[in-house]
Amino acid sequence: MRFRHPDGSVVHLAYCTNVHPAETLDGVLAQLRDHCEPVRRRLGRDRLGIGLWLAKDAAHALVTDPSALRGLRAELDRRGLEVVTLNGFPYEGFGAEEVKYRVYRPDWADPERLHHTTSLARVLAHLLPDDVTEGSVSTLPLAWRTAYGEPRAEKARAALATLAERLDALHELTGRSIRVGLEPEPGCVVETTADALAPLTALAHPRIGVCVDTCHLATSFEDPHTALDALAAAGVPVVKSQLSAALHAEHPHLPEVRAALAAFDEPRFLHQTRTATAAGLRGTDDLGEALAADTLPDAAPWRAHFHVPLHAAPAAPLTSTLPALEAALARLVGGPHPLTRHLEVETYTWQALPAALRPRGRAQLADGLAAELTLARDLLTDLGLKELP
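All values reported here derive from a predicted model rather than from experimental measurement.

1. Overview of unusual backbone geometry
Then, number 1: Residue Pro106 follows Arg105 across a cis peptide bond; omega there is -10°.
Then, number 2: Of note, Pro106 is situated in the loop between β4 (81-87) and α4 (111-127).
Then, number 3: The backbone of Lys100 shows a phi angle near 40°, a positive value even though the residue is not glycine.
Then, number 4: In this model, Ala204 sits at a positive phi of 50°, which is unusual for a non-glycine residue.
Then, number 5: Tracing the sequence through the fold places Ala204 in the loop between α6 (193-203) and β7 (208-213).

2. Some remarks on the nonpolar core
Then, number 1: Residues Leu13, Tyr15, Leu54 and Trp108 are the most contacted members of the largest nonpolar core, which totals 115 residues.
Then, number 2: For this core, the element with the highest residue contribution is helix α12 (residues 362-382), accounting for nine residues.
Then, number 3: Setting aside residues up to four positions removed in sequence, Leu13 forms contacts with Met1, Phe3, Gly49, Leu243, Leu343, Val345, Leu373, Ala376, Arg377 and Leu380.

3. Some remarks on the environment of Leu373
Then, number 1: Here Leu373 shows up in helix α12.
Then, number 2: As for Leu373 and Met1, which are separated by 372 residues in sequence, their C-alpha atoms are 9.0 Å apart.

4. Brief notes about the pairing of strand β3 (residues 48-53)
Then, number 1: Of all six residues making up β3, six are buried, and the element is well covered by its neighbours.
Then, number 2: Neither face of β3 is left uncovered, since the one carrying Leu48, Ile50 and Leu52 and the one carrying Gly49, Gly51 and Trp53 both have all their residues buried.
Then, number 3: Judged from the three bridges that link them, strand β2 (residues 10-16) and β3 form a sheet pairing that is parallel. Within β3, the position partnered with Tyr15 by the bridge is Ile50.
Then, number 4: Bridge count for β3 against β4 is five bridges, and the pairing is parallel. Across the sheet, Gly49 pairs through a bridge with Glu82, a residue of β4.

5. Regarding the packing of helix α1 (residues 25-43) against helix α3 (residues 66-78)
Then, number 1: Interhelical geometry of α1 versus α3 gives an angle of 10° and a closest axis separation of 10 Å. Comparing their axes, α3 and α1 come out roughly parallel. Here Leu25, Val28, Leu29 and Leu32 of α1 lie close against α3, whose contacting residues are Ala68, Leu72, Glu75 and Leu76.
Then, number 2: Looking at the contact of α1 with α3, its residues break down into seven nonpolar, no polar and one charged.

6. Here's the deal with the packing of aromatic side chains
Then, number 1: What the rule picks out here adds up to eight aromatic pairs.
Then, number 2: An aromatic cluster is built from Trp53, Phe94, Phe269 and Tyr348, whose rings are joined through pairwise contacts.
Then, number 3: If you follow Arg303 out to its NZ or CZ, it ends over the ring of Phe221, 4.4 Å from the centre.

Rules and cut-offs
- Residues numbered from 1 in each chain as written.
- Predicted model: local features only at pLDDT ≥ 70, side-chain atom pairs only at ≥ 80, totals over all residues.
- Heavy atoms only, no water.
- Helix = DSSP H or I, 4+ residues; strand = E, 2+ residues; numbered from the N terminus.
- Core = buried A, V, L, I, M, F, W, Y, C linked by side-chain atoms within 4.5 Å.
- Buried < 20%, exposed > 50% of the residue type's maximum accessible area, 1.4 Å probe, protein only.
- Contact = heavy atoms within 4.5 Å.
- Pairing = 2+ DSSP bridges.
- Axes fitted to C-alpha atoms, helices over the stretch in contact; angles between N-to-C directions.
- Parallel < 35°, antiparallel > 145°, perpendicular 65-115°, else oblique.
- Nonpolar A, V, L, I, M, F, W, Y, C, P; charged D, E, K, R; others polar.
- Phe/Tyr/Trp six-rings, centres within 6.5 Å; stacked < 30°, edge-to-face > 60°.
- Lys NZ or Arg CZ within 6 Å of the ring centre and 35° of its normal.

Dropping the structure here:
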């Protein structure tokens, strides 16, 4: 979906296909047929943006076989779909029964992360629509925080510097500018947007910046305006923003609130949980850890890294951080010029929701994704952007 900003530029809105995990190119092609095109039809659109997630094997197949890459581009066109952004955070196995810490491997100290991200950039340069010259890739925020000493930090810095050189060369070769954004996430080396400032200002390259995930932003209790103003002041580009909402518990000391939270404690994904105290941010690596022990103070609200559907906040006594998303979006695209032109709805946890809230089959999932995109569209038009055909 495309929108005209009041300054004349085009802002792209997509939804991320990591909600339909597939490891192979055949699986990606099936996603387009079984999920993405039905969402487009529900929205009554001739064209729909999708943020592709390409796992290791799918990316390898595309970057090594020009005919396969042409075939994917033709299939996108045939089904009324377009791609300006890729999710390069998960490497493989995102549809496994247990993902948890695996999603942070390989990290930026491992040469395979550089190789994979380079492949994604090359693929995206050829998938961009003919009238689009800028693409974006979101990626792991360096590494999970443990076992990340100075030797590995030096390797990660060197890898990002090499990536910058490769992105420059790709631009010269194709005329397409592909930018990569570190995606701050609780528990990682770069947990907050503030953590991103030092490594990215040291690198100081216009093609490498941040991907602002509004669920992660809210989980870490970052004020959206303060965070985005600091990035702008430091000259760190917002490569893309993932529109997502976290789980919010206003009174976590109450038994009924804890019971409601327990329904979201599931085995597939990591749900980092945070609370803001007078001494600073406190947290646990997972929601179950917060619920099972007295490790997290409960005198103030808790927020958990659980991407809840944008249009359907959890039932009381829980809610979502949609207001934080709205505040971030107002700063991102509500000003005289957009801070980013790539927006992506990223609720990948539909099948991890409590059983009563999970979609039963493809049709219900497509309905939910279309409803999320409709909400995002309405937020953008309320900010003065004009939806384009």
